[in-house]
Amino acid sequence: MVHDSRRNSVKFVRYDPAFALAPIFRPIFRGRRPGGLSIEHKFKEYNLEFSIWRSLDARDQSVLLAIQGIAGMQALGELTHGLHADISTPLGAELWSGLKPTDNAHFDTAIVVSTLRSTLMQVAGIDDDSRKSYGRLEDRLVRLSRVGCRVQKNGYDWSMQLLAYLSAPDGYLNIALNPRFAAALSGQYVYISLAERRKLTSEPALLSHAWLSGWLRPGARNSIRLDRLAEKVWGAPSKNSATNRKRRSRIAKALGEVSLLPGWEILIEGEGATAKAELSRSKQEVKTPG
């Protein structure tokens, strides 16, 4: 578990690069959450398909990143537990069943982390300790637990839910993260800074920062059209040109927020559909995965 004195020490997340670049989180407009979404994403030789029960927003993403950050801290202290098809404990069996593994996923190993809701909220940057906030946290966990992910490659077929969770009698949450998150703690990963994320306020800035963190490694430079980055935040371009202009403007403002973070340099060049952002990140020394 992450004790109170260590909550703020969760500053970075080791995150699966395929999931980091998959645009499964979107800004929510006027509280509307479309359901039954299917989002496809290609990463290297893999084809990924996400089945979204209800649209996920930037705060849902914050909760998922916080869980992974806590998992990293617990892995350092060897407090995480392996979860697999042959698990014999009732809790483990129920969590494994909740992940709904199919095909090749049956041979993988997931991880289980335990944390208090209050700790999870603080790591996620949710400072409000009200009853409503706890209710919203539960809603976010439900939405995340109902996200299915399928990965395919040349006959390889892997399917599992994003996560599963159960409440324990002692007040802790037991959360199972599917194996792609587990692999990021010891294999290929990208870093996403929660310390940076907590300084951002708008949904487009939060979502842009997370995607760019997976796309642009520390110490690198690159450029991207504003319209392309807008697609990573809102999905496919709208048929309404005015909507696309508004998204482009909001992306520019979001990048303005990100550019205020130490280590990020962003310069926007051009106008209209040809506008692009030149980005660079300074190298960061990160000693722990949490």
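Scroll up a little and you will see the structure.
Residues numbered from 1 in each chain as written. Predicted model: local features only at pLDDT ≥ 70, side-chain atom pairs only at ≥ 80, totals over all residues. Heavy atoms only, no water.

Visitor: Explain the packing of aromatic side chains here, please?
Guide: Within a pair of aromatic rings, the relevant descriptors are the distance that separates the centres and the angle that separates the planes. If you walk through the whole model with that rule in mind, you get five aromatic pairs. Plain terms: the ring middles of Phe-12 and Tyr-191 are 5.8 Å apart, the flat faces sit at 80 degrees to each other, and that makes the pair edge-to-face. Residue Phe-12 is located in strand β1 (residues 12–15), and its partner Tyr-191 is located in strand β11 (residues 190–193); the two are separated by 179 residues in the primary sequence. Taking relative accessible area as the criterion, Tyr-191 reaches 16% and is therefore assigned buried. For the pair Phe-19 and Phe-50, a centre-to-centre distance of 5.3 Å together with 65 degrees between the ring planes defines the contact as edge-to-face. With Phe-19 in helix α1 (residues 17–21) and Phe-50 in strand β3 (residues 46–54), this pair connects stretches of sequence that are 31 residues apart. Assessed through its relative accessible area of 4%, Phe-19 is described here as buried. (Phe/Tyr/Trp six-rings, centres within 6.5 Å; stacked < 30°, edge-to-face > 60°. Helix = DSSP H or I, 4+ residues; strand = E, 2+ residues; numbered from the N terminus. Buried < 20%, exposed > 50% of the residue type's maximum accessible area, 1.4 Å probe, protein only.)

Visitor: It is not clear to me how the sheet that holds strand β2 (residues 35–43) should be interpreted in this structure. Could you clarify?
Guide: Adjacent strands of a sheet form backbone hydrogen bonds with each other and so pair up, either parallel or antiparallel. Judged by pairing direction, the sheet is antiparallel, and its five strands sit side by side in the order β2-β3-β7-β8-β5 without closing on themselves. Each edge of the open sheet carries a strand with a single partner, namely β2 and β5 (102–103). With two bridges connecting them, β5 and strand β8 (residues 156–161) associate as antiparallel partners. Bridging across to β8, Asp-103 finds its partner in Trp-158. (Pairing = 2+ DSSP bridges.)

Visitor: Would you explain the side chain of Ser-193 in this entry?
Guide: Relative to the elements of secondary structure, Ser-193 occurs in strand β11. Of the polar contacts made by the side chain of Ser-193, one reaches the backbone nitrogen of Glu-196; its length is 2.9 Å. In contact with Ser-193, not counting residues within four places along its chain, are Lys-11, Phe-12 and His-209. (Polar contact = N/O pair within 3.5 Å; in protein donor to acceptor, adjacent residues only side chain to side chain. Contact = heavy atoms within 4.5 Å.)

Visitor: Looking at this structure, how should I read the sheet that holds strand β10 (residues 172–177)?
Guide: Strand order in the open sheet made by the four strands is β4-β6-β10-β9, with antiparallel pairing throughout. A strand with exactly one partner marks an edge of an open sheet, and here the two such strands are β4 (81–83) and β9 (163–167). This sheet shows a mean twist of 30 degrees between the axes of neighbouring strands, independent of strand direction. Bridging between β9 and β10 involves five bridges; their strand directions are antiparallel. Across the sheet, the residue bridging to Ala-164 is Ala-176, located in β10. Here helix α3 (residues 90–99) sits on the sheet in contact with β4, β6 (110–116), β9 and β10, set at roughly 145 degrees to β9. (Axes fitted to C-alpha atoms, helices over the stretch in contact; angles between N-to-C directions.)

Visitor: Help me out: how do you make sense of helix α8 (residues 203–215) in this one?
Guide: Side chains of residues three or four places apart in an α-helix project in the same direction, reflecting 3.6 residues per turn. With 13 residues, α8 extends 18 Å between its outermost C-alpha atoms, agreeing within 8% with the 18 Å of an ideal straight helix rising 1.5 Å per residue. Along α8, 13 of the 13 residues are buried, which leaves the element largely enclosed by surrounding structure. (Expected span 1.5 Å × (residues − 1).)

Visitor: For this particular structure, what's the right way to read the packing of α8 against helix α10 (residues 241–259)?
Guide: Helix packing for two helices is described by the angle between their axes and how far apart those axes are. The contact between α8 and α10 brings their axes to 8 Å, and the two run at 70 degrees. Judged on the interaxial angle alone, α10 and α8 are roughly perpendicular. When the axes of α8 and α10 are compared, the crossing they make is right-handed. Taken together, the residues of α10 that come into contact with α8 (itself represented by Pro-204, Ala-205, Ser-208, His-209 and Leu-212) are Arg-250, Ile-251, Ala-254, Leu-255, Glu-257 and Val-258. Here the contact of α8 with α10 is built from residues that sort into seven nonpolar, two polar and two charged. (Parallel < 35°, antiparallel > 145°, perpendicular 65-115°, else oblique. Left-handed = near helix turned anticlockwise from the far one by under 90°. Nonpolar A, V, L, I, M, F, W, Y, C, P; charged D, E, K, R; others polar.)

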